[in-house]
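These are the residues of each chain, in order.
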Amino acid sequence: MNPSQSARSTERAGQRVCVFSDHHQACAAAADWIALSVRENTERRGRAVLGLATGATPLPVYSRLIELHRLGRFSTEHVSTYNLDEYYPISPLDPLSYRAYMHLNLFQHLDLPANRTHLLDGTTPEEFVDDHCKQYDRWIEAEGGLDLQLLGIGRNGHIGFNEPTDLGEPRAMALPTRRIPLHPTTRQDAVREFGSIDQVPTHALTLGIQPILAARSILILAFGSSKREAVQAALTGPATSRVPASLLRHSAERVVWMIDDSCAEGWCD
Ligand code: F6R
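Residues numbered from 1 in each chain as written. Predicted model: local features only at pLDDT ≥ 70, side-chain atom pairs only at ≥ 80, totals over all residues. Heavy atoms only, no water.

S.K.: Explain the packing of helix 2 (residues 59-70) against helix 3 (residues 98-105) here, please?
M.R.: A pair of packed helices is characterised by two quantities: the angle between their axes and the separation of those axes. For the pair helix 2 and helix 3, the least separation of the axes is 10 Å and the interaxial angle reads 40°. Relative to helix 3, the element helix 2 is oriented oblique. The residues of helix 3 that touch helix 2, namely those facing Leu59, Tyr62 and Ile66, are Tyr101, Met102 and Asn105. Of the residues contributing to the contact of helix 2 with helix 3, the split by class is 5 nonpolar, 1 polar and no charged. (Axes fitted to C-alpha atoms, helices over the stretch in contact; angles between N-to-C directions. Helix = DSSP H or I, 4+ residues; strand = E, 2+ residues; numbered from the N terminus. Parallel < 35°, antiparallel > 145°, perpendicular 65-115°, else oblique. Contact = heavy atoms within 4.5 Å. Nonpolar A, V, L, I, M, F, W, Y, C, P; charged D, E, K, R; others polar.)

What follows is the structure in structure tokens.
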């Protein structure tokens, strides 16, 4: 697949890196990539299974998918979605929940059957969280795995809410879906939505690194100077559990990075 004629394409740590002059172009290319993956997988096996991300980064991707749907060029009739993460605890009716974000910014605008949009549930009683997370991994396995996982990256190199850890590479790569304490940088970044640090949840539920790496295709987006250091570390530094995105190189042939000039400046010119 050719992500876009307007991108320059290079390779870092075995992974394809497409650099766009601005993030709107990158997001349009990402939406086309997702639409193509849905079409191909639906034709091949009757359905497509998407892993989706939230946050600021994918919003223009979702707007473009909605536009493609309105133009009759993108249908999700045979699609299942699994989101990466959810705050814990949080009600799905809380406007700051990722369930609410997905409904507002994508799901309500598409032809997705309601029982095919899955998010980890921030209302799960604490004693059942482990079961709930295991069940989420089982659901994805029962669907035949994720055809495409869409990712953003945190300023600290996290993917999903798999935060930096000293566990070491092999153990980090085996991390399943689970409840985690949020890293101080992640909580600080969430102040922009929650208003103050006291309002930001201390924990979240996240898809594990293992199921992320198992996706048949991984599309990771990073824009702007605030992501530069994390992306540079992930793509030019060592593979380490301290920079979770650096572990993507273990699925290198299935990973595409779409970044903008501002993120690439100084290390991927
Ligand atoms: C969101 C997620 C996170 C974000 C990351 C970047 O579902 O899993 O890893 O992708 O924190 O967030 P933004 O896009 O807001 O900069």
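S.K.: Just checking my understanding: could you explain the packing of aromatic side chains for this structure?
M.R.: Remark: the centre distance and the inter-plane angle together describe each pair of aromatic rings, the angle taken between the planes. Using the criterion set out here, one finds 7 aromatic pairs in the structure. Look at Tyr87 and Tyr98: their rings are 4.8 Å apart centre to centre, the planes differ by 40°, and that puts the pair in the tilted class. You can see Tyr87 sitting in strand 5 (residues 85-88) and its partner Tyr98 sitting in helix 3, a full 11 residues away along the chain. Using a relative accessible area of 4% as the deciding quantity, one classes Tyr87 as buried. Through successive ring pairs, a cluster of aromatic residues spans Tyr87, Tyr98, Tyr101, Phe161 and Phe194. (Phe/Tyr/Trp six-rings, centres within 6.5 Å; stacked < 30°, edge-to-face > 60°. Buried < 20%, exposed > 50% of the residue type's maximum accessible area, 1.4 Å probe, protein only.)

S.K.: Whenever I open this one, the site of the ligand confuses me. Can you help?
M.R.: Around the ligand, the structure places 14 residues, and the nearest of them are Thr57, Asp85, His158, Arg192 and Lys227. At 2.7 Å, a side-chain N or O of His158 approaches an oxygen atom of the ligand. Here an oxygen atom of the ligand sits 2.8 Å away from a polar atom, N or O, in the main chain of Gly160. Along the lines of polarity and charge, the residues of the shell around the ligand split into 4 nonpolar, 7 polar and 3 charged. (Near = heavy atom within 4 Å. Polar contact = N/O pair within 3.5 Å; in protein donor to acceptor, adjacent residues only side chain to side chain.)

S.K.: I keep staring at the nonpolar core and nothing clicks. Help me out?
M.R.: General note: in soluble globular proteins, nonpolar side chains tend to be found buried as a group. Leu65, Leu106, Leu219 and Met258 are the most contacted members of the largest nonpolar core, which totals 47 residues. With 9 residues, helix 1 (residues 23-45) is the largest single contributor of residues to this core. Listed in part, the 42 residues of the second largest apolar core include Ala222, Leu235, Leu247 and Ala264. (Core = buried A, V, L, I, M, F, W, Y, C linked by side-chain atoms within 4.5 Å.)

S.K.: Looking at this model, I keep getting lost on the sheet that holds strand 3 (residues 48-52). Mind explaining?
M.R.: The pairing of strands in a sheet comes from backbone hydrogen bonds and takes either a parallel or an antiparallel form. With mixed pairing, 8 strands are arranged side by side in an open sheet as 1-2-11-10-7-3-4-6. Two strands in the sheet have a free side with no partner beyond their single neighbour: strand 1 (8-12) and strand 6 (117-118). Inspection of the sheet shows strand 10 (residues 218-222) paired to strand 11 (residues 255-260) by 5 bridges, in the parallel sense. Following the sheet pairing, Leu221 is matched in strand 11 by Met258. (Pairing = 2+ DSSP bridges.)

S.K.: I keep staring at the side chain of Thr81 and nothing clicks. Help me out?
M.R.: Along the polypeptide, Thr81 turns up in strand 4 (residues 79-83). If we ignore the near neighbours within four places in the chain, the residues touching Thr81 are Leu50, Leu52, Phe107, Leu112, Arg116, Thr117 and His118.

S.K.: How should I be thinking about the pattern of salt bridges in this particular structure?
M.R.: A pair can form between side chains of opposite charge whenever their charged atoms are brought close. All chains considered together, the criterion is met by 11 salt bridges. We note a salt bridge from Asp147 to Arg45, for which the minimum N-O separation is 2.8 Å. Taken together, the positions of Asp147 in the loop between helix 4 (129-142) and strand 7 (148-151) and Arg45 in helix 1 put the pair 102 residues apart, joining distant regions of the chain. We note a salt bridge from Arg216 to Asp147, for which the minimum N-O separation is 2.8 Å. Here Asp147 lies in the loop between helix 4 and strand 7 and Arg216 lies in the loop between helix 7 (209-213) and strand 10, a separation of 69 residues in the sequence. (Salt bridge = Lys/Arg side-chain N within 4 Å of Asp/Glu carboxyl O.)

S.K.: Which parts of the structure should I look at to understand the packing of helix 1 against helix 2?
M.R.: Between helix 1 and helix 2, whose axes approach to 8 Å, the crossing angle comes to 50°. Judged on the interaxial angle alone, helix 2 and helix 1 are oblique. Once helix 1 is placed against helix 2, the crossing between them reads as right-handed. Contact residues: helix 1 offers His23, Cys27, Ala28, Ala30, Ala31, Asp32, Ile34 and Ala35, while helix 2 offers Pro60, Val61, Arg64, Leu65 and Leu68. Grouping the constituent residues of the contact of helix 1 with helix 2 by class yields 10 nonpolar, 1 polar and 2 charged. (Left-handed = near helix turned anticlockwise from the far one by under 90°.)

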